[in-house]
Structures are given as structure tokens and as C-alpha cells.
Amino acid sequence: MPYPTPASLLEVDLHPGKPPILHTGTPHDAPAWAAGHRHALRTLVTEHGALLIRGLGLRDADRAAAVLHHLAPDLTTDREAFAPRRTYTPGVYSSSQWPPNQPMCMHHELSYALQPPGLMLFACLSAPTTGGATAIADAATVLDALPTELVHRFEREGWLLTRTYNDEIGAPCAEAFGTEDRAAIEDYCRTHAIDFAWQPDNSLRTRQRRPAVTAHPVTGRRCWFNQIAFLNEWTIEPEIREYLIDVHGADALPFNTRFGGGDPIGPDIIQLLGDTYTAHTVRESWQAGDLMLVDNVRTAHSREAFQGPREVLVAMAEPLRPAPWPPTAEVSAG
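Cut-offs applied
Residues numbered from 1 in each chain as written. Predicted model: local features only at pLDDT ≥ 70, side-chain atom pairs only at ≥ 80, totals over all residues. Heavy atoms only, no water. Buried < 20%, exposed > 50% of the residue type's maximum accessible area, 1.4 Å probe, protein only. Helix = DSSP H or I, 4+ residues; strand = E, 2+ residues; numbered from the N terminus. Arc of directions from axis to C-beta. Contact = heavy atoms within 4.5 Å. Polar contact = N/O pair within 3.5 Å; in protein donor to acceptor, adjacent residues only side chain to side chain. Pairing = 2+ DSSP bridges. Axes fitted to C-alpha atoms, helices over the stretch in contact; angles between N-to-C directions. Patch = residues over 30% accessible without salt bridge, like charges linked within 9 Å, V, L, I, M, F, W, Y side chains within 5 Å. Areas by Shrake-Rupley, 256 points an atom, 1.4 Å probe, with all protein chains shown as cover. Salt bridge = Lys/Arg side-chain N within 4 Å of Asp/Glu carboxyl O. Lys, Arg positive; Asp, Glu negative; His and termini not counted. Charge placed at Lys NZ, Arg CZ, Asp CG, Glu CD.

### What about helix H6 (residues 182-191)?
- Listed in full, the buried residues belonging to H6 are Ile 185, Glu 186, Tyr 188 and Cys 189. Seen end-on, H6 carries its buried residues on one side only, within an arc spanning 160°. Opposite the packed face of H6, turned more than 90 degrees from it, sit the exposed residues Arg 190 and Thr 191.
- Turning to H6, the residues buried within the fold contact helix H5 (173-177), strand S11 (195-198) and strand S12 (204-210).
- Between the side-chain oxygen at the start of H6 and the backbone nitrogen of Ala 183 there is a gap of 2.8 Å, and the oxygen is on Asp 181.

### A closer look at the sheet that holds strand S3 (residues 50-58)
- If you trace the eight strands from one edge of the open sheet to the other, you get S1-S2-S3-S17-S7-S20-S5-S4, paired in mixed fashion. The sheet terminates laterally at strand S1 (12-13) and strand S4 (87-89), the two strands that pair on one side only.
- Note that strand S7 (residues 117-126) and strand S17 (residues 289-295) share five bridges and pair antiparallel. Counterpart to Met 120 in the pairing with S17 is Val 294.
- With respect to the sheet, helix H1 (residues 30-48) is in contact with S1, strand S2 (21-23), S3, S7, S17 and strand S20 (311-319), its orientation differing from that of S3 by roughly 165°.
- Helix-sheet contacts for helix H2 (residues 61-71) involve S3, S4, strand S5 (92-94), S7, S17 and S20, and the interaxial angle to S3 is about 140°.

### Digging into a negative patch on the surface
- On the surface, a cluster of negative charge is contributed by Glu 237, Glu 239, Glu 242 and Asp 246.
- Its location among the elements puts Glu 239 in helix H7 (residues 238-248).

### Re the pairing of S17
- Counting buried residues in S17 gives seven out of seven residues, a clear majority hidden from the surface.
- Every second residue of S17 is oriented toward a common face, with Gly 289, Leu 291, Leu 293 and Asp 295 on one face and Asp 290, Met 292 and Val 294 on the other, all of them buried.
- As paired strands, S3 and S17 are joined by five bridges and run antiparallel to one another. The residue of S17 that forms the bridge with Leu 51 is Leu 293.

So this is what it looks like as C-alpha cells:
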């Protein structure tokens with residue numbers, strides 16, 4: 001069996017405004033290439049925060065899934081998803097179903113979960129006609145660019161995610177938790193520090209408090225790590241937000257974020273977060289067959305609006321250890 005390729009032998013193209021890009025040529029056996037280069041690629045992702053790999057020819061789901069499984073043999077199951085996904089193979093999913101004309105703001109995948117993934121894997125089977133890039137931003141740089149007072153408040157309080165599961169917008173309750181069994185859902189919530197309450201219409205309302213800043217598990221560098229902006233009410237299209245409030249009430253939006261102490265987060269703060277991400281965003285348009293690896297702590301990612309067919313497979317791996325903060329007892333149902 002050949003020795004794994006060291007990272008030092010892989011040449012990465014670095015250009016301002018673009019993610020690091022590795023051109024592989026066209027290996028005959030892409031899964032075998034992935035297995036042989038797995039450790040080197042992971043080293044490069046830790047070094048750069050993300051890596052776009054071009055040349056593997058991942059144009060069908062079976063080939064792409066095989067490569068993803070060879071790169072990360074222990075893919076994780078998607079739980080607490082905010083939007084529906086299609087399952088291709090265990091641990092390999094479609095991108096979140098989100099309107100093509102609406103961008104998905106910068107975020108760290110499942111940063112509201114107790115054990116979010118440390119590594120994201122994206123495989124582009126078909127690229128859109130225009131737009132649709134999976135753009136990225138360095139979370140440590142974003143943190144340094146934010147106002148100190150705001151960062152300190154989020155460090156003290158954390159952030160609060162509230163959700164009301166329904167069949168209208170977002171992932172239905174059974175899909176998000178992987179079961180329709182109420183007792184199993186309740187057990188999951190208790191185990192994962194999520195407060196929950198069943199509503200008179202049988203919908204589920206949850207609250208979970210999480211840290212907004214975390215240390216990178218390898219480098220120790222502090223990173224802005226959350227979905228405060230993405231899942232806030234002020235990022236919902238205005239007419240949709242008004243409709244949801246009219247129908248469900250302001251306290252029953254499908255998702256919303258607050259300061260950890262419960263105070264609302266105003267549109268000015270959401271705008272500030274968005275502008276800060278924009279100032280530090282890099283992007284490269286997808287080409288069919290591309291593969292992108294993203295360090296989910298070091299690097300936030302988004303999905304830009306697009307036209308034309310776009311099929312990108314998603315996998316998650318390397319779940320992080322639960323953060324020691326906040327204590328479960330401090331998460332109040334309210």
C-alpha cells in the first residue's frame with residue numbers, strides 16, 4: 001500500500017479574493033486518490049481554512065459520494081436542520097432547499113447544535129448558469145473586525161436560537177429530529193440542552209443558548225462561530241416576515257435569534273454583521289466536478305443567489321466536543 005501523500009507536495013494556488021485552489025489533474029480512480037490524499041488535504045484545510053479541489057470530475061452522485069466517504073469515513077447524520085435536504089447515501093445530502101433567488105447568509109453549519117461538525121464537504125455535480133457560489137469568510141478575521149463592545153456582550157451572554165417547527169417554512173419537526181416519536185424528540189432535546197414546549201396546535205417550540213465565539217480545536221485561535229445573522233428575523237424577506245408574523249405571531253417565527261439574555265437583536269446589528277462578512281468574503285464560481293472542503297470553525301460559508309440548475313452534495317464530519325458553556329441550567333424556557 002503506498003504511503004499517503006504529504007501536504008508539502010501539493011501545490012495550492014493562492015489568489016486574492018478567491019479560496020485556495022488545488023488542481024489535481026484527472027485521476028482515473030477519484031475515490032482512491034481521495035483516500036491517498038486524505039491526511040494531506042485535511043492539513044491544508046487546517047492551514048488555509050478551506051480548499052477548493054478541481055479536476056476530480058465529480059459529475060454523478062455515486063462517484064461524489066464515494067469520494068466524500070473516502071475523505072471522511074465517519075460522516076455525521078444531519079440533525080436539527082433548518083431547511084429540508086434530500087438524502088443521497090447515509091451522511092451525504094443535497095444542499096438545503098432554499099429559494100434560488102434568495103442568498104443564504106454567511107454561517108457556520110449547525111453552530112447551534114451541541115456537537116457541530118468541524119469539517120464540511122461540498123461536491124458540485126452541476127453548476128448554475130450564473131451565481132450560486134459557496135462563498136467563504138475567515139471567522140477569526142471577522143471576529144477581529146467586529147466592534148469590541150458587541151463581541152464582549154456576545155461572549156458574556158452567548159446567543160439564543162428560538163424555533164417553531166411547522167410544515168410551512170423550514171424543516172418539519174420529524175425531519176429535523178429524524179423521528180415522529182414525541183418521546184424521542186423530547187429525549188433528544190434534553191440530551192442536547194434544548195428547552196422545548198409543545199403548542200396547542202401540536203407544533204414544537206424550542207430555545208437553545210450557545211456560545212458566539214469559540215476557540216479553534218487545533219490552532220486555539222478565537223473565531224466568530226454562530227448563525228446569529230443568518231437565522232435572525234431581519235434576514236427574512238420583508239414580505240415573508242410580515243406574512244409569518246400576521247399568521248403565526250412575532251413569537252412563533254420558524255427561527256429567530258436573540259442575545260443570550262433574551263434581548264432582541266435589532267436590524268442595525270444584523271446589517272453590521274452582514275457588512276463585516278461581505279468585507280471579508282472570497283469566492284470562486286463552481287465548475288461541475290469541483291470539490292470544496294471547509295473548516296467549519298475557521299471558515300463561514302454562504303450560498304449566493306443563482307439561476308439555472310445547481311446540484312451540490314453536502315456532507316459533514318468531525319463533530320466537535322460540546323462547549324463547556326453555557327451550563328444547561330442557565331438555558332431558560334421563557
